[in-house]
Amino acid sequence: RMSEFESWTDSLPRCTQSGIGVIPNAKYSGGIMRQTHEFMHKCLNLSQNGVQFYGIFCAYNGDQRAAKYVSNRLVYEIFVDRPISVDMTPEQIQDLLSLKFQTTSTLYDQDVNELLVRRLVQKEQLTEESQENVMKINAKLRAATTVLAAVIVNDNIYVINCGNSRPLAIHLDNGNNMYWPLSDEHDMENHEEVDRLRNLGVDTRTFVRPSRSVGDCFRGICYQENEELRGASGPPIISTPDVYVWSIEEVGCSHLLLCSDSVVRSIEEIGVEPEQVNQFLLNELIREKDHTQSRNCNSLAQAVLDSLTRQHRESAGELYNSQHDDMSLVLASLSEIIHSHATRSTMTTSDATNSLSLEDTVDSDESNEPRSYVDCDEFNSFSNAIEVTAEIQRLFEKIKKRNIAKDSIEEEGDFSIDL
């Protein structure tokens, strides 16, 4: 069922060598910014048993059900059901990821088929209530999501792309900055996609991106119900992903970046030419990294989107008559991940038995709950930062001297300094 794995990924350990930045949709009008609908993206950064998973699932057509189901089911396939293992060969992993995505898409389609049967029953009843039920079912049938996921195993990146989000490998190093596209988007800028649609008899001049996704039934399996697509010889929207494998050493970059299509569109809307979008993202990362002096991926990912949002709002003019959709960006430090892999591989069986595992110390906590994120980059800018630092140091010394257990710190009295 659709709800079977709805919140399952919430219990998985996060990858601490990565971060997620998000900006909800907004409409600027008369200098006021308003959010027009709930946030529709599902973003993940997970790590378990030496395998890292990063993903952006962008729901569209007004319903999150496809993004929720596909994100949770795909993660289940990768980590639980015949899980991806560090002992597999790159060819085995690439083939298995394609198969797992196909399984996920097939299971979603099975639920869609159940909705189609229910809709048929409701149509036959010819009552006002049944007509309302048909409209509700149609809304669920329109639900769709694009999928961009990256899986890191050993020293390889596996990119799964079904839609128009963008993956980049980026190198952040003074004097040697570069980017490396890891996949093509499935939209009208992709010549192979345009040819595929034209061969089906689809007018690509009016076709709305993306051209691949999971769901979107009235442009997919139910396309013949769509007046604009009745002349097509097959479903224009397909859920067949591209799966690539890249050697991290070959790519030679320090970070992996995944961003939603809306990020790319917003960059273009502020006046950046399409062929310069990747360079713009690279420049923004370098600028924010130099400005904050931070290596924290959470901080950098959010800072880039915050900066883009400000520029997008300013480009709209004094009346701010503009809007942008939900934006998501996932950033992972490849150099830190490779270092953690090397650390894991040097641990002997005896070492692993007599110490905490890497998952326990880096990627998870006892409760397996997502960790709260606090950005401390601006801490030193507070007027009483020295006082706070001294008080924290005093408390640590007290704990050290008395060997106070973590759970009994409260007995030492209240501590409160307003920043």
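Here is what the cut-offs are and how they apply
Residues numbered from 1 in each chain as written. Predicted model: local features only at pLDDT ≥ 70, side-chain atom pairs only at ≥ 80, totals over all residues. Heavy atoms only, no water. Helix = DSSP H or I, 4+ residues; strand = E, 2+ residues; numbered from the N terminus. Contact = heavy atoms within 4.5 Å. Areas by Shrake-Rupley, 256 points an atom, 1.4 Å probe, with all protein chains shown as cover. Axes fitted to C-alpha atoms, helices over the stretch in contact; angles between N-to-C directions. Parallel < 35°, antiparallel > 145°, perpendicular 65-115°, else oblique. Left-handed = near helix turned anticlockwise from the far one by under 90°. Nonpolar A, V, L, I, M, F, W, Y, C, P; charged D, E, K, R; others polar. Buried < 20%, exposed > 50% of the residue type's maximum accessible area, 1.4 Å probe, protein only. pLDDT = per-residue confidence, 0-100. Phe/Tyr/Trp six-rings, centres within 6.5 Å; stacked < 30°, edge-to-face > 60°. Lys NZ or Arg CZ within 6 Å of the ring centre and 35° of its normal. Pairing = 2+ DSSP bridges. Salt bridge = Lys/Arg side-chain N within 4 Å of Asp/Glu carboxyl O. Polar contact = N/O pair within 3.5 Å; in protein donor to acceptor, adjacent residues only side chain to side chain.

The helix and strand inventory of the protein stands at twelve helices and 14 strands. Excluding contacts between residues fewer than 6 apart, the proportion of contacts in the protein whose partners are at least 24 apart in sequence is 72%. Summing over all exposed atoms, the protein offers an accessible surface of approximately 21800 Å²; the carbon and sulfur share of this is 48%.

Here the focus is the packing of helix H1 (residues 65-79) against helix H2 (residues 90-125). Contact geometry of H1 with H2 gives a least axis separation of 9 Å together with a crossing angle of 140°. Viewed along their axes, H1 and H2 adopt a mutual orientation that is oblique. H1 and H2 meet at a crossing whose hand is right-handed. Every residue of H2 that contacts H1 at Arg65, Ala66, Tyr69, Val70, Arg73, Leu74, Glu77 and Ile78 is listed here: Leu97, Lys100, Phe101, Thr103, Thr104, Leu107, Tyr108, Asp111 and Leu115. Considering only residue class, the contact of H1 with H2 consists of ten nonpolar, two polar and five charged.

Attention now moves to unusual backbone geometry. Arg209 connects to Pro210 through a cis peptide bond whose omega is 0°. Secondary-structure assignment places Pro210 in the loop between helix H4 (191-199) and strand E10 (214-215). The phi dihedral of Asn61 is positive, around 70°, even though this residue is not glycine. For Asn61, the position within the fold is in the loop between strand E5 (51-60) and H1. Owing to a relative accessible area of 39%, Asn61 belongs among the partly exposed residues under this scheme.

Attention now moves to the confidence of the model for the protein. Taken as a whole, the protein shows an average pLDDT of 83; of its residues, 79% reach a score of 70 or greater. Per-residue pLDDT, averaged within each element of the protein, yields its smallest value for helix H11 (residues 358-363) (32) and its largest for strand E7 (residues 156-162) (98). In the predicted structure, residues 348-381 sits below a pLDDT of 50 and forms 43 contacts with residues beyond four places in sequence or in another chain.

The description of an aromatic ring pair rests on the distance of the ring centres and on the angle between the ring planes. A complete count under the given rule lists two aromatic pairs for this structure. Ring geometry for Tyr69 against Tyr108: centres 6.1 Å apart, planes inclined by 50°, an arrangement best described as tilted. One end of the pair, Tyr69, is in helix H1; the other, Tyr108, is in helix H2, with 39 residues separating them in the sequence. Ring centres 5.7 Å apart and planes at 75° place the aromatic pair Trp180 and Trp246 in the edge-to-face group. You can see Trp180 sitting in strand E9 (residues 178-181) and its partner Trp246 sitting in strand E11 (residues 242-247), a full 66 residues away along the chain. Looking at Trp180, the relative accessible area reads 24%, which means it is partly exposed. With a relative accessible area of 18%, Trp246 lands in the buried category. The positively charged end of Arg219 is found above the aromatic ring belonging to Phe207, 4.5 Å away from the centroid.

Another aspect to go through is the sheet that holds strand E14 (residues 327-333). Strands sit in the order E1-E14-E12-E8-E9 across an open sheet of five strands; the sheet is antiparallel. Pairing within the sheet leaves two strands with one partner each, and these edge strands are strand E1 (18-23) and E9. For this sheet, the mean angle separating the axes of adjacent strands, direction not counted, is 20°. Relative to the sheet, helix H7 (residues 277-292) contacts strand E8 (166-171), E9, strand E12 (255-259) and E14, its axis offset from that of E8 by approximately 50°. Helix H8 (residues 297-315) contacts E1, E12 and E14 of the sheet and is inclined by roughly 25° relative to E1.

Let us now look at the pattern of salt bridges. Applying the stated criterion to the full structure yields 16 salt bridges. With a shortest N-O distance of 3.0 Å, Asp216 and Arg219 are connected by a salt bridge. Judged by its relative accessible area of 13%, Arg219 falls in the buried class. The residue Arg287 makes a salt bridge to Glu284 at a minimum N-O spacing of 3.1 Å.

Here we come to the side chain of Glu77. The residue Glu77 is located in helix H1 in this model. Within polar-contact distance, the side chain of Glu77 engages the side chain of Arg73 at 2.8 Å. Discounting residues that sit within four places of it in the chain, Glu77 has contacts with Arg82, Pro83, Lys100, Thr103 and Thr104.

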